[in-house]
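Below, each chain spelled out in residue letters.
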Amino acid sequence: MKKGLFYTLLIVFIAIFAFAAYQLGSYFMEKQRSDDINKEASKFVDYHSGNEEGNSSGNGAGEGDPEKIEVDFESLFAINPDIVGWIYCPNTLINYPIVQGSDNDYYLTHLIDDSWNENGSIFMDFENSSDFSDSNTLIYGHNMKTGAMFAELMNYKTQSFYDAHPYIYIMTPQQNYRMDLFAGCIVDHNAPIYTIWPSSDVISDLMANSTFSSDNGYPDGNIVTLSTCTSAYDNARYVILGELVTVE
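Report follows, based on the coordinates. Residue numbers restart at each chain and count upward from 1, following the sequence in its written direction. Per-residue local features are limited, in this predicted model, to residues with pLDDT of at least 70; the limit for side-chain atom pairs, both in listing and counting, is 80 or more; totals at the level of whole chains, interfaces and linings are taken over all residues. Think of the side-chain values as coming from all heavy atoms in the structure, minus any hydrogens and water.

Considerations on the sheet that holds strand β5 (residues 122-124)
Spatial ordering of the closed barrel is given by β3-β4-β5-β6-β9-β10-β8-β7, a layout of eight strands whose pairing is mixed. Sheet twist, expressed as the mean angle between neighbouring strand axes with direction ignored, is 30 degrees. The criterion for strand pairing is that DSSP finds at least two bridges linking the strands in question. Runs of H or I in DSSP of at least four residues are treated as helices and runs of E of at least two as strands, each being numbered from the N terminus. Relative to strand β7 (residues 167-171), strand β3 (residues 83-88) runs antiparallel, the two sharing three bridges. By the bridge assignment, Y88 is partnered in β7 with Y169. In this analysis, two residues are considered to be in contact whenever any of their non-hydrogen atoms come within 4.5 Å of each other. Lines fitted to C-alpha atoms define the axes here, with helix axes fitted over just the stretch in contact, and angles between the N-to-C directions of these axes take values from 0 to 180 degrees. Strand contacts of helix α4 (residues 200-208): β8 (176-188), β9 (223-229) and β10 (236-247), with the helix running at about 80 degrees to β8, the strand carrying the most contacts.

So, the nonpolar core
Think of a nonpolar core as a cluster: buried Ala, Val, Leu, Ile, Met, Phe, Trp, Tyr and Cys residues, connected wherever their side-chain atoms sit within 4.5 Å. The rule is simple: take the accessible area with a 1.4 Å probe, protein chains only, and divide by the maximum for that residue type; under 20% is buried, over 50% is exposed, in between is partly exposed. Counting 33 residues, the largest nonpolar core has I69, V71, W86, Y194 and L241 as the members making the most contacts within it. Here this core gets four residues from one element, more than from any other, and that element is β8. By size, the runner-up hydrophobic cluster in this structure holds 30 residues, among which are C89, Y96, I170 and I240.

Considerations on the pairing of β3
Looking along a regular strand, one sees the side chains alternate between the two faces of the sheet. Most of β3 is tucked away: six of the six residues are buried. In the sheet, β3 pairs with strand β4 (residues 95-99) via five bridges, with the strands oriented antiparallel. In the strand pairing of β4, G85 is matched with I98. What sits between β3 and β4 in their antiparallel hairpin is a turn of six residues, with N91 showing a positive phi close to 65 degrees.

Side note on the environment of C185
Turning to its location among the elements, C185 is positioned in strand β8. If near-sequence neighbours (up to four positions away) are discounted, C185 is found in contact with L206, N209, R237, Y238 and V239.

Observations concerning unusual backbone geometry
Even without being glycine, D114 reaches a positive phi, approximately 75 degrees. When you line up the elements, D114 lands in the loop between β4 and β5. Assessed through its relative accessible area of 42%, D114 is described here as partly exposed. Even without a glycine there, the phi angle at M149 is positive, about 55 degrees. Relative to the assigned elements, M149 resides in the loop between β6 (136-140) and α3 (159-164). On the basis of relative accessibility, which here comes to 2%, the residue M149 falls in the buried class.

Here we look at the pattern of salt bridges
Between Lys or Arg on one side and Asp or Glu on the other, a salt bridge is scored when a side-chain nitrogen of the former is within 4 Å of a carboxyl oxygen of the latter. Applying the stated rule across the entire model yields two salt bridges. The salt bridge involving E40 is made with K43; its shortest N-O contact spans 3.2 Å. On the basis of relative accessibility, which here comes to 39%, the residue E40 falls in the partly exposed class. For D180, the salt bridge is made with R178, and the minimal N-O distance between the two is 2.6 Å. With relative accessibility at 16%, the residue D180 sits in the buried group. Classification of R178 by relative accessible area gives partly exposed; the value is 25%.

Read these as spatial facts, not as claims about activity.
Now the structure itself:
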């Protein structure tokens, strides 16, 4: 190999390596920034102990009862008035504020402090009523390779994970809810479930093709659809459906 060609290839390989290292470093820096912002928000979540004396660990760990949380929304509004709720699945990484923007694009790439970040935020469809009063409330989140955001929803493809986590909590300034899960399914990005008023046929079809079996029957009240990306095929999404049940 001629010396000139050798050095040319060496420079190319070094450039490729440097670019890959930069991309990888940026990826983990953005993840760390996202974690820090959400950790800051979690300071306003109180994880009660079993004897009700309280434990504000801020991350659901320690001696607190993971089933019992309270959210200080007044303090969260000071961080971002777009916050409309908090989603929380005990003993998982799903523990985030829910925001709602003026469109469905902004929070795909912005954190709750309005800084740009590819992790984005957990956000409600801009056409939904922010108080979860719609027939179907749509909530979106990225499926991050780090396990952040809605990545753990993918675990509902297995029955054992559903059996261990059959419900998710949604706390709002008006009311707290338990989301009793009844279906999980791979769908197209424009599937008919992506509407505020899905038909009974659409819901029944998702239940029939669910990745897990549930004893929860057809929902009587309002539902929530959690949506994230999946690599099953191009533009595929994985959705989890649950009925909202009021809790104190």
